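Secondary and tertiary structure notes
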Amino acid sequence: MPHVGHVRGRTYKDVVLRYYRLRGYDVWAQAGWDMQGMPVEWEVEKRLGLRNKKDVEKFGLENFAAACNALVDEYLAYWREWGTRRLGLWLDLEGAYETRRPQYIEYAWRLVKRAHEEGLLVEDYRVLWFCPRCETSLSDHEVALGYEEREDPSIYVKFRVEGSDREYLVIWTTTPWTIVDNEAVAVNPDLAYAKVEVEGRECWWLAEALVPQLMAKFNIKSWRVVDRRPGRELVGMHYAHPLAEEVPERAARPHAVVAASFVTLEQGTGLVHLAPAHGPEDFEVARKCGMPITNSVEASGVFNELGGKYSGKHVYDVESEVIQDLKAKGLLVHEERVRHEYPHCWRCGSKLIMRADRQWFIAISKISDRAYSELRGVRVVPEKLRDRFDRFVESAKDWNISRSRVWGTPLPVWRCKRDGRIMVVGSLEELRRLAKELLPVDDFKLVHRPWIDRVMLSTPDCDEWVREPYVMDVWLDSGVAWIASVDGERNRELWERLFPFDFITEGVDQTRGWFYSLLVTSVLYTGRAPYKAILIQGLVLDKHGQKMSKSKGNVIWADDLLEKYGADPVRLYILTKAAPWEDLAFDPDEVRRAVSDLSILWNVVRFADMYMTLDGFSPERHPLERLAGSLLDEDRWMLSELSQMITKFVRHMEDFELHKAASLWRDFVVETLSHHYVRLVRRRVWAEEPRPDKFAAYAVLHHALKSVLILGSVFVPFITEYLWQAYVRKYERDAPESVHLAQLPGAGPADAGLLETFRELFTVFSILAEARNRAGIKLRWPLREAYVSGARHVERYAELLRYLGNVKEVRAGQCPEDYIKAGERGIEVCIPGRVEPELYYEALAREIVRRVQVMRKEMGLDVSETISVFVEAGSEDVRRAVETFHDYIARETRAVEVRLGSAAGGREWEIDGKTVRIKIGRAGSPRPV
């Protein structure tokens, strides 16, 4: 089910796709559902209470496959709703590809057939990681996805040297159960080893450089070195298997010291216990030396009959039993616990084991040079994470593609029963042509287990071919999406137009997952990388910076998140919280800021629409170009800010700096547009007369809002679409049908001098606000004067600063004594420490206006509706304020009358410590436009 991590990744993809649509590109945006393999099986087994393969077989493979398919249908409905529609993704859901469909599966078969033809399909006996819960092997890149820190036993064990009852080889291991299958002990031939007499009782062979620290670890007080030898002189020394009595079969053959260059002094004792069936390096040494490779552990993690007394028991139960047996025999030197990174199943979470088995591989090691060369031509964002991917591809190992499961893409390999030769089937057409008899089932069942297992093939040179009973690694399914998703062999023209794809994005873990599987399958099939650029995403963590997991209970699910906040705030929060490639500590409470930011956008549009409607503004009758001569400085500044924002927006998007583009857009809406421009033009908008500069302000505001909605549509598609329909298309009937069909607005000229001047203006205004804060004087309370020093353009914007700062006079110069000061960036502003009497009444009048506006809003009055205002106050100051500023109060509140006297039934307010009762009521109809 989609969680916040999926929301992040899918949001990034959608933002980039929407951006390139704005640029006018023909964008291919197809949904795809990768629903094969272990993840589905694991969930079905949990729901049905099936513990292992035997339970699955008892339930019935046909019933199990049907249950898996039904679960996929359930998942897809959920993903379509919560992972796509509710998240606002613009994708082709009707034409979505599904990895379970026959048409898609054929491409995985084609790849395997191509590998076979190129000599890259290999069957081999190797040591592999297995999930004992899922009872199947895993590939190296699957293993890399599941590393977690855990605590395991760490034991030091002594193996008795044959011919002596007091001389031992001391080894170290964190997998005690593997000692059951011990075949040899490895030393580095070039290292120095010491024979250490311990407390006068016995002698232990250890790497000489490690002796002091190991004696301290073992708490050995009395010891001395009695012999020194290079590792090569220990080679051939025989020892007794430490569990000879428990596993008698092991005691019947010799065990000796062998040379291995991989032995180091980094950990352990310098002597390594070798279990060739449970370690790839051990396995290679065994093959080189011709020693037996005994595997007593089945894929389920249970010891078979070769396990002696441990037969029928699970390795992790045997682990503690082996420790107790060694302790009882006096062979356990030291026991402790160690915390280390260890691989777990990337889907079910079970601790993995290593075991030797016969499996199918694609020999990626033979094409890794070509894959690496192709990867070097791919743009990786950010560049600092390229090395991680490069190194993994450069040293790529052969890909284990076979899985001992039921639900998944069947391995298309058939073996001749007579002579063991293999044949690879590359298509449904080939399968039908070679089948001795086709089952009476549809194509969907024909390409899935268990039905395909019953299809016997026949050729002139072999009467009966039987399929190898495996499905394939799920990452191979997803790995062929670069061609299977568009059915590239049948739609060759379309595929060749799209390939290689421009862009792909996934989490950092996918450098060993989907990024990797796409790359190597494409290089194998076409010789080329399938993508031009990749954006590597960081992980999504909880608000404390911890990894999210079901076991911790800190996973945030998409449906809960979107139901509570809606898609747009979640998308905007994700986009602005961190760079795409950085880990994101997701705090649901912080989404509220995005809600607030979008409310500001909503209110700006509401403000514009309200007054444009009142004054009869029309973009057709009042085009911006025709009103150029009526623009004021603040209008030209606004247009310059907009142009500069568009230029930066495009640059950030082209560089995949989605966080910078989204933050730029948000800051423009909140600060530049709402807090600055709307505040500057409000006095013009409130003016009753239809002045040319008033319509110029409307034209600029409309142009800015239209551009803001178009740019913002890539980030917040729902609110921008609603506002486009409710606002833009209300005023422009010929506007595109949807904001998502509009084109990217162009950046006009930007006046650098004007930008500098207004940035200084707002800096001075901010400093002035801080001085007011220090003096305890609200912005609504007028001041006689303010002094500004250190600013360059005071004269040019003095009138605007008087309006913004509610100051009667702005002076350039040094501050008088006893004035309250504030400053930053070399600019200082100072104001009087108190409000003078004649201005005090104006301040009280402004406070009354503020209360009346609140009451208007609570009554739900339209801005054009007029009212009657009644003010009742015991304070002489308040009465004087109403009398003196009667016209101001009426104008600001749209009142036809303002009376002092009884306000019975009104609302009580406290203004500067004085109780005032105010009552309002409707007094007339809206004024004509």
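Moving on: the overall build of the protein. Check the secondary structure of the protein and you find 30 helices and 34 strands. In summary, the protein has a C-alpha radius of gyration of 38 Å against a globular reference of 30 Å for 929 residues, an excess of more than 25%. The principal-axis extent of the C-alpha atoms belonging to the protein is close to 115 × 80 × 55 Å. Sorting the 929 residues of the protein into buried and exposed places 59% on the buried side. Here the analysis covers contacts within the protein between residues at least 6 apart in sequence; of these, 76% occur between residues at least 24 apart. Accessible area of the protein: about 39,200 Å², with a carbon and sulfur share of 47%.

Turning our attention to the packing of aromatic side chains. Considering all chains together, one arrives at 36 aromatic pairs under this definition. With 5.0 Å between their ring centres and 75° between their planes, F392 and Y516 make a pair best called edge-to-face. You can see F392 sitting in helix 12 (residues 386-394) and its partner Y516 sitting in helix 18 (residues 514-526), a full 124 residues away along the chain. Accessibility assignment for this pair places F392 and Y516 in one class, buried. Ring centres of W781 and Y840 lie 5.7 Å apart, and the angle between their planes is 75°; this geometry places the pair in the edge-to-face category. Of the two residues, W781 is situated in the loop between helix 26 (752-775) and strand 27 (783-789) and Y840 in helix 28 (residues 837-859); the sequence distance between them amounts to 59 residues. Residue classification places W781 among the buried residues on the basis of a relative accessible area of 11%. Taking the relative accessible area as the measure of exposure, Y840 reaches 14% and is therefore buried. Lying over the aromatic face of Y168, K158 brings its terminal NZ or CZ to 4.8 Å of the ring centre. Positioned above the aromatic ring of F130, the side-chain terminus of R355 is 4.6 Å from the ring centre.

Another point: the pairing of strand 7 (residues 184-187). Covered by surrounding structure in strand 7 are A184 and A186 together with V185 and V187, the residues of both alternating faces. Across four bridges, the pairing between strand 7 and strand 12 (residues 271-274) is antiparallel. If you follow V187 over to strand 12, its bridge partner there is L271. Sheet topology note: the strand 7/strand 11 (residues 256-259) ladder contains four bridges and is parallel. Its bridge partner lying in strand 11, V185 is registered against V257.

Spatially, three strands are ordered 15-24-23 in an open sheet, and the strand pairing comes out parallel. The open sheet terminates on both sides in strands that have one partner only, identified here as strand 15 (379-381) and strand 23 (504-507). Averaged over all neighbouring strand pairs, the angle between strand axes comes to 20°, with direction disregarded.

Attention shifts here to the state of the cysteines. Applying the stated rule across the entire model yields two disulfides. Covalent S-S linkage joins C815 and C830, the inter-sulfur distance amounting to 2.1 Å. Taking the sign of the torsion about the S-S bond as the criterion, the disulfide between C815 and C830, at about -115°, is left-handed. Within this pair, whereas C815 is found in the loop between strand 28 (807-812) and strand 29 (820-824), its partner C830 is found in strand 30 (residues 827-831), the two being separated by 15 residues in sequence. Exposure class is identical for C815 and C830. Each is buried. Once the bonded cysteines of the protein are numbered in order along the sequence, the disulfide links fall as 1-2, 3-4. Looking at C68, it has no disulfide partner, and the nearest cysteine sulfur is the one in C134, 12 Å off. Judged by relative accessible area, C68 falls into the buried class, the value being 0%. For C348, which is in no disulfide, the shortest distance to another cysteine sulfur is to C131 and amounts to 3.5 Å. Since its relative accessible area comes to 14%, C348 is described here as buried.

Look at any regular strand and the pattern is simple: side chains alternate between the two faces of the sheet. Most of strand 8 (residues 192-198) is tucked away, with six of its seven residues classed as buried. In this sheet, strand 10 (residues 223-230) lies alongside strand 8 in antiparallel orientation, the contact comprising seven bridges. When the sheet's bridge partners are listed, K195 is paired in strand 10 with D227. Of the pairings in the sheet, the one linking strand 8 to strand 9 (residues 202-207) comprises six bridges and is antiparallel in character. Along strand 9, the bridge assignment pairs E197 with C203.

Tallying each qualifying case throughout the model produces 101 salt bridges. A salt bridge links R405 to E45, with the shortest nitrogen-to-oxygen separation between them at 2.5 Å. Here E45 lies in helix 2 (residues 38-48) and R405 lies in the loop between strand 17 (402-403) and strand 18 (413-416), a separation of 360 residues in the sequence. Residue E45 is classed as buried on the basis of its relative accessible area of 3%. The partner of E197 in a salt bridge is R166, and the shortest N-O contact between them spans 3.9 Å. Here the residue E197 occupies a position in strand 8, and R166 occupies one in the loop between strand 5 (147-160) and strand 6 (167-173), the gap between them amounting to 31 residues. A relative accessible area of 33% means that R166 is categorised as partly exposed. Each of D73, R80, E98, R100 and R101 takes part in salt bridges that share partners, so that together they form one network.

Another aspect to go through is helix 18. For helix 18, with 13 residues, the first-to-last C-alpha span of 17 Å sits near the 18 Å given by 1.5 Å per residue. Within helix 18, 12 of the 13 residues are buried, leaving the element largely enclosed by the surrounding structure. Turning to helix 18, its buried residues number three or more, namely W514, F515, Y516, S517, L518, L519, V520, T521, S522, V523, L524 and Y525.

This paragraph deals with the nonpolar core. Membership of the largest hydrophobic core comes to 249 residues, with the highest contact counts inside it found for F586, F649 and F715. Top element by residues in this core is helix 23 (residues 658-686). It accounts for 14 residues. With residues up to four places along the chain from it excluded, the contact list for F586 reads V4, V540, L541, D542, K543, M548, I556, L561, Y573, I574 and V591. Counting 61 residues, the second-largest nonpolar core is a separate cluster that includes A207, Y239, V297 and V318.

Rules of the game
Residues numbered from 1 in each chain as written. Predicted model: local features only at pLDDT ≥ 70, side-chain atom pairs only at ≥ 80, totals over all residues. Heavy atoms only, no water. Helix = DSSP H or I, 4+ residues; strand = E, 2+ residues; numbered from the N terminus. Rg over C-alpha atoms; globule rule 2.2 N^0.38 Å. Buried < 20%, exposed > 50% of the residue type's maximum accessible area, 1.4 Å probe, protein only. Contact = heavy atoms within 4.5 Å. Areas by Shrake-Rupley, 256 points an atom, 1.4 Å probe, with all protein chains shown as cover. Phe/Tyr/Trp six-rings, centres within 6.5 Å; stacked < 30°, edge-to-face > 60°. Lys NZ or Arg CZ within 6 Å of the ring centre and 35° of its normal. Pairing = 2+ DSSP bridges. Axes fitted to C-alpha atoms, helices over the stretch in contact; angles between N-to-C directions. Disulfide = S-S within 2.5 Å. Salt bridge = Lys/Arg side-chain N within 4 Å of Asp/Glu carboxyl O. Expected span 1.5 Å × (residues − 1). Core = buried A, V, L, I, M, F, W, Y, C linked by side-chain atoms within 4.5 Å.

Treat this as a map of the structure, not an account of what it does.
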